[in-house]
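Here's the letter readout for the chains.
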Amino acid sequence: MSQANLTFKRPDGSDCPAYQASLPGGRRGVVVLQEWWGLNEQICSVVDRLANAGYQALAPDLYHGRVAQDADEASHLMDGLDFSGATFEDIRGAVAHLREQGCETVAVIGFCMGGALTIASAVHLPEVNAAVCFYGIPPQEVADPAQIRTPFQAHFASRDHWCTPAAVDALETAMRDAGQSPDIHRYEGEHAFFNKLRPEVYDPEASELAWKRTLDFLLKHL
């Protein structure tokens, strides 16, 4: 497996740093979107796992070099993020970069803040072939889930105070009322149950089940 820290060009011509991993000859790509902490060890490990599963995987650094050390700093960084710029420049550029590397299809998968941006990508970027969201829902004005037209899977926790069960139900209802068939899974657990760096909320059983479902979904739609 090859691993590299690199930069790619955004549509506006500026550079975006990223971490990429792949096995030789991969024709399917996945863009991995960070939690509010930044491009840290946890997100890089997801990139590596996807590469080992046969994908060219790339995580754009949406904070351009900054990684939060505590929740207050993470909240500050997320609040300062230009969600439109992240969607139409960083993520769109990441998808284009993977296509330039030979990927015929590209999915987006994101966690927490990155989950919200995954929905934004599924709504606004028609070049995205599939989307997998982990416990993130954007404000309605950023992206309306009813407008998602790409294959969509999502994973949510029952004890999540941000993406509450009611918010998840509303997302699913909006998509189904629009004629879509989202693949939505709910787990008994806490927000960020997939994050191994947070032992206070990490749930190995739920995490592995969600991962298996994610790989099955990607295999079907890429």
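Everything numeric in this text was worked out from a predicted model, so none of it was measured.

Engineer: How do you make sense of the packing of helix 3 (residues 83–100) against helix 4 (residues 113–124) when you look at a structure like this?
Structural biologist: Helix-helix packing is characterised by the crossing angle of the two axes and by the distance between the axes. Taken N-terminus to C-terminus, the directions of helix 3 and helix 4 make an angle of 70°; their axes are 10 Å apart at the nearest point. In this view, helix 3 runs roughly perpendicular relative to helix 4, as classed from their interaxial angle. For the pair helix 3 and helix 4, contact is made by Phe83, Ala86, Thr87, Phe88, Ile91 and Arg92 and by Met113, Leu117, Ala120, Ser121 and His124, respectively. Among the residues making up the contact of helix 3 with helix 4, the classes are represented as seven nonpolar, three polar and one charged.

Engineer: Any chance you could explain the side chain of histidine 185 here in plain terms?
Structural biologist: Relative to the helices and strands, histidine 185 resides in strand 8 (residues 183–190). Histidine 185 gets classed as buried once you look at its relative accessible area, which sits at 15%. Side-chain polar atoms of histidine 185 contact the side chain of aspartate 183, separated by 2.9 Å. A polar atom in the side chain of histidine 185 sits 3.3 Å from the side chain of arginine 213. Each residue touching histidine 185, except ones within four places of it in the same chain, is listed here: Gln153, Ala154, His155, Phe156 and Arg213.

Engineer: Looking at this structure, how should I read the packing of helix 1 (residues 41–52) against helix 6 (residues 204–221)?
Structural biologist: Packing of helix 1 against helix 6 leaves a shortest axis separation of 12 Å and a crossing angle of 50°. By the angle class used here, helix 1 and helix 6 are oblique. Seen along the crossing, helix 1 lies across helix 6 with a hand that is right-handed. When helix 1 is examined against helix 6, the residues Val46, Arg49 and Leu50 are found in contact with a partner set consisting of Glu208, Trp211, Leu215 and Leu218. Looking at the contact of helix 1 with helix 6 residue by residue, the classes come out as five nonpolar, no polar and two charged.

Engineer: Teacher, can you tell me more about helix 5 (residues 165–177) here?
Structural biologist: Every α-helical turn comprises 3.6 residues, leaving residues that sit three or four positions apart pointing alike. For helix 5, which comprises 13 residues, the first-to-last C-alpha distance of 18 Å matches the rise-based estimate of 18 Å (1.5 Å per residue) to within 8%. Buried within helix 5 are the following residues: Val168, Leu171, Glu172 and Met175. Along the axis of helix 5, the buried positions cluster into a sector of 90°, meaning they face one direction only. Along helix 5, the residues that are exposed and aim more than 90 degrees away from the buried face are Ala166 and Asp177.

Engineer: In this structure, what is going on with the pattern of salt bridges? I would like to understand it.
Structural biologist: Where charged atoms of side chains with opposite charge meet at close range, the side chains can pair. Scanning all chains against the criterion turns up 13 salt bridges. Its salt-bridge partner being arginine 186, residue aspartate 169 comes within 3.0 Å of it at the nearest N-O pair. In this pair, aspartate 169 is assigned in helix 5 and arginine 186 in strand 8, connecting sequence segments 17 residues apart. Of the residues examined, aspartate 169 reaches a relative accessible area of 40% and is grouped as partly exposed. A relative accessible area of 43% places arginine 186 in the partly exposed class.

Engineer: Help me understand the pairing of strand 5 (residues 105–111), please; the structure alone is not making it clear to me.
Structural biologist: Within a regular beta strand, the side chains point alternately toward one face of the sheet and then the other, so they alternate between its two faces. With respect to burial, strand 5 is a largely interior element, seven of its seven residues being buried. Alternating positions in strand 5 separate into two faces, Thr105, Ala107, Ile109 and Phe111 on one and Val106, Val108 and Gly110 on the other, with burial throughout. Pairing of strand 3 (residues 28–33) with strand 5 involves six bridges; the strand directions are parallel. Across the sheet, the residue bridging to arginine 28 is threonine 105, located in strand 5. Across five bridges, strand 5 lies against strand 6 (residues 130–134) in parallel orientation. Residue pairing across strands places isoleucine 109 opposite valine 132, the latter belonging to strand 6. With respect to chirality, the unit in which strand 5 leads through helix 4 into the neighbouring parallel strand 6 is right-handed.

Engineer: For this particular structure, what's the right way to read helix 6?
Structural biologist: Look at helix 6: 26 Å from first C-alpha to last across 18 residues, which is about the 26 Å you get at 1.5 Å a residue. For helix 6, every residue scored as buried is listed here: Ala206, Ser207, Ala210, Trp211, Thr214, Phe217 and Leu218. Burial along helix 6 is one-sided: seen end-on, the buried residues are contained in an arc of 130°. Turned more than 90 degrees from where helix 6 packs its buried face, Glu205, Lys212, Leu219 and Lys220 sit exposed. Against the buried residues of helix 6 lie strand 3, helix 1, strand 5, strand 6, strand 7 (152–159) and strand 8. Near the N-terminus of helix 6, the side chain that reaches the backbone nitrogen of glutamate 205, with its oxygen 3.1 Å away, is that of aspartate 203.

Conventions and cut-offs
Residues numbered from 1 in each chain as written. Predicted model: local features only at pLDDT ≥ 70, side-chain atom pairs only at ≥ 80, totals over all residues. Heavy atoms only, no water. Axes fitted to C-alpha atoms, helices over the stretch in contact; angles between N-to-C directions. Helix = DSSP H or I, 4+ residues; strand = E, 2+ residues; numbered from the N terminus. Parallel < 35°, antiparallel > 145°, perpendicular 65-115°, else oblique. Contact = heavy atoms within 4.5 Å. Nonpolar A, V, L, I, M, F, W, Y, C, P; charged D, E, K, R; others polar. Buried < 20%, exposed > 50% of the residue type's maximum accessible area, 1.4 Å probe, protein only. Polar contact = N/O pair within 3.5 Å; in protein donor to acceptor, adjacent residues only side chain to side chain. Left-handed = near helix turned anticlockwise from the far one by under 90°. Expected span 1.5 Å × (residues − 1). Arc of directions from axis to C-beta. Salt bridge = Lys/Arg side-chain N within 4 Å of Asp/Glu carboxyl O. Pairing = 2+ DSSP bridges. Right-handed = clockwise from strand over helix to strand, strands pointing away.

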